[in-house]
Amino acid sequence: METINYNVLVETLRKKKDLSMKDICGDYMSHSSYSRFVSKNQSLSIDRLLYILHRMDLSFREAGLFDHNIQATQADNVLMSQVLLRKNQEEMAKLAEEFQLKSNRNYDIYGMMAIQVNLEMGGETRAKQIKALKDYLFHVNDWDYKEMYLFSFILHQSSSTVIMSIINRLYKRAAEPLYLERNLNLIILIAKAHLEYLKRQELDCAKTLLEKLNNLTVNKTFHTIQAYATINQALHQYVSQRIDIDYQKIKRLHRNFKEFDSPFLANRLQENYSHLKQIYDLPSLEDEENG
C-alpha cells in the first residue's frame, strides 16, 4: 500500500475548506505544534489528529482517507478469512508462521493475526494459545486497547454475565471520542460480543450492546467501523423480527460490499450470517446471492 503523508493531507483539506489554523487548533493545540507537523512532518499524537479531523468536520468520504489502522492489513485479513474457511491445517500453520515473521512483537497487529489462526487450528495449538492468552489477560489489571482486542478472541468461552461485566467496566473508561485506539478496539470487542449474544439467543443482552455500539463516536467517523455497526444492526434486526425486508437489506449490504471492492467486509458479513443461519433457521445468503 502506498504510504500517505498525513501532514500534507491534513493541510490540503484545511485549505480546501478555507479554515484557519485557529479554526482547527482551537484551544487544544498550539499553532506552532501544527506548523511543525505540516512543515517538518513532526509526529502528531493521535488524540490531536482526531481533534483536528473533528474540527474540520470531515465528510464520510474524506474521513475514510485516515482509516488506515484497518485498511493497511485488509488484504491480509481477506487472505486469513479465506484460509480459515478452507480449514486446511497445513495451510493455516504456514499462514500463522508468515504472520509471525511479519510481527515485531507478540501483540502487534500481525502477532494478533497469528494468534487468530492458531486458535482456529484446534487441538494442542489452540489449547496452548488459549492458555497463553488467559495467562496474559488475567494478570493485567487495567485493560487498554490491546487487551480489549485479545479478549475478543476468547470471549465465547466466558459466561454472559462475565462478558457484560467486562464490557461495562471498559466502556466507562474507554468510550471517549478522542481515544482512537481504545474506541476502535472497544467497538470491535462489542461487535464480537453482540454476535455472541445473538448466537446464544440472549436478545436483551444483544440489544444492550447494540445501543452501546451505536453510541460510540468513532463509528460515525471511520467508515470500516461504521460498517461493523451496520452489519451488527442488520443481523440483530433480522433475527429479532424475521421480516423479509431486513433479509433483503442484508443481501443488499453483502452485494454492495463485494461490488465496491470491500472483500474484508463482505467476508465479515457472510461469516457472521453463517454463524446465525442454523441457530435461527435462516435462508441461505450465498445461494440467494449467486442466484
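Note that the coordinates shown come from a computational prediction; the quantities given were computed from them, not determined experimentally. In this convention, every chain numbers its residues from 1, walking through the sequence in written order. Given that this is a predicted model, residues contribute local features only at a pLDDT of at least 70 and side-chain atom pairs are listed and counted only at 80 or more, while totals for whole chains, interfaces and linings are drawn from all residues. Water and hydrogen atoms were dropped before computing side-chain values, which therefore reflect all heavy atoms in the structure.

### Examining the packing of helix α9 (residues 109–121) against helix α10 (residues 123–137)
Interaxial angles span 0 to 180 degrees and are taken between N-to-C directions of axes, which are lines fitted to C-alpha atoms, for helices over the stretch in contact. Every helix listed is a DSSP run of H or I at least four residues long, and every strand listed is a run of E at least two residues long, numbered separately from the N terminus. Relative to each other, α9 and α10 sit at 130°, their axes nearing to 6 Å. Between α9 and α10, the crossing angle belongs to the class labelled oblique. α9 and α10 meet at a crossing whose hand is left-handed. Of the residues in α10, those touching α9 at Ile115, Asn118, Leu119 and Met121 are Gly123, Thr125, Arg126, Gln129, Ile130 and Leu133. Here the residues of the contact of α9 with α10 sort into five nonpolar, four polar and one charged. Any angle from 65 to 115 degrees is called roughly perpendicular, while one under 35 is roughly parallel, one over 145 is roughly antiparallel, and all others are oblique. In this scheme the handedness of a crossing depends on how the near helix is turned from the far one: anticlockwise by less than a right angle means left-handed, clockwise means right-handed. Contacts are assigned to residue pairs that have any heavy atoms within 4.5 Å of one another. Three residue categories are used. Nonpolar comprises Ala, Val, Leu, Ile, Met, Phe, Trp, Tyr, Cys and Pro, charged comprises Asp, Glu, Lys and Arg, and polar comprises the others, including Gly.

### Quick look at the packing of aromatic side chains
Note on aromatic pairs: the rings of Phe, Tyr and Trp (six-membered ring only in Trp) are paired at centre separations within 6.5 Å, and the planes decide the class, stacked below 30 degrees, edge-to-face beyond 60, tilted for the rest. Taken as a whole, this structure holds seven aromatic pairs when the rule is applied. On the numbers, 6.1 Å between centres and 50° between planes, the contact of Phe138 with Trp143 is tilted. Relative to Phe153, the ring of Tyr149 has its centre 5.1 Å away and its plane inclined at 65°; by these criteria the two rings are edge-to-face. One end of the pair is Tyr149 and the other is Phe153, both in helix α11 (residues 145–154) and four residues apart, which spans about a single turn. Exposure remark for Tyr149: the relative accessible area of 18% places this residue in the buried category. Exposed residues in this analysis have more than 50% of their type's maximum accessible area, buried residues have under 20%, and partly exposed residues fall in between, with area computed by a 1.4 Å probe over protein chains only. The exposure class assigned to Phe153 is buried, which follows from its relative accessible area of 8%. Each member of the aromatic cluster is reached from another via a ring pair, and the members are Phe138, Trp143 and Phe151. For a Lys NZ or an Arg CZ to count as sitting over a ring, it must be within 6 Å of the ring centre and within 35 degrees of the ring normal. Across the ring face of Tyr238, the terminal group of Arg242 is positioned such that the distance to the ring centre comes to 5.6 Å. Between Arg268 and the ring centre of Tyr228, over which it is positioned, the NZ or CZ distance is 3.7 Å.

### Things to note about the side chain of His194
Inspection of the secondary structure puts His194 in helix α13 (residues 180–199). When its relative accessible area of 1% is taken as the criterion, His194 is described as buried.

### Comments concerning the pattern of salt bridges
The rule for a salt bridge is simple: a side-chain nitrogen of Lys or Arg has to be within 4 Å of a carboxyl oxygen of Asp or Glu. Under the defined criterion, the tally for this structure stands at eight salt bridges. Residues Lys102 and Asp76 are paired through a salt bridge, measuring 3.4 Å at the closest nitrogen-oxygen approach. Of this pair, Lys102 sits in helix α8 (residues 89–102) while Asp76 is found in helix α7 (residues 74–86), placing the two residues 26 residues apart along the sequence. Residue classification places Asp76 among the buried positions, given a relative accessible area of 14%. Residues Lys131 and Asp135 are paired through a salt bridge, measuring 2.8 Å at the closest nitrogen-oxygen approach. Taken together, the residues span about one helical turn, with Lys131 and Asp135 both in helix α10 at a distance of four residues. Several salt bridges converge on common partners, so that one network encompasses Glu11, Arg14 and Lys15.

### Describing the environment of Leu282
Summarising the element assignment, Leu282 is placed in the loop between α17 (263–280) and α18 (285–290). The exposure class assigned to Leu282 is buried, which follows from its relative accessible area of 4%. Linking Leu282 and Arg242, residues 40 residues apart in sequence, is a C-alpha distance of 8.8 Å. Apart from the residues within four sequence positions on either side, Leu282 is in contact with Tyr238, Val239, Arg242, Tyr273, Leu276 and Lys277.

### Comments concerning the layout of surface pockets
Each pocket or cavity is described by its volume, and for the largest pocket that value is around 1,900 Å³. Cavities and pockets are found on a 1 Å grid laid over the protein atoms alone: a cavity is a set of points where a 1.4 Å probe fits but cannot escape, a pocket is an open set with protein on both sides within 12 Å along at least five of seven lines, and a lining residue has an atom within 4 Å of such a point. Around the largest pocket, the lining comprises 50 residues; the ones closest to its centre are Met80, Gln116, Tyr149, Phe153 and Lys192. Only α6 (68–71), α7, α8, α9, α11, α13 and α17 provide two or more residues apiece to the lining of the largest pocket. Sorting elements by how many residues they give to the lining of the largest pocket places α13 first, with nine residues. Tallied by class, the residues present in the lining of the largest pocket amount to 22 nonpolar, 15 polar and 13 charged. Grid points are joined across faces, edges and corners, and a volume is the space filled by probe spheres set on the points.

### Focus: a positive patch on the surface
A cluster of basic side chains, namely Lys249, Arg252, Arg255 and Lys258, defines a positive patch on the protein surface. Relative to the helices and strands, Arg252 is located in helix α16 (residues 244–259). Accessibility expressed as a relative area gives 40% for Arg252, which makes it partly exposed. Patch membership requires over 30% relative accessible area and the absence of a salt bridge. Like charges are linked within 9 Å, and nonpolar side chains (Val, Leu, Ile, Met, Phe, Trp, Tyr) within 5 Å. For the accessible areas, the method is Shrake-Rupley and the probe is 1.4 Å, while residue cover comes only from the protein chains on display. Working convention for charge: Lys and Arg count positive, Asp and Glu count negative, and His plus the chain ends are omitted. Note that the charge is assigned to NZ on lysines, CZ on arginines, CG on aspartates and CD on glutamates.

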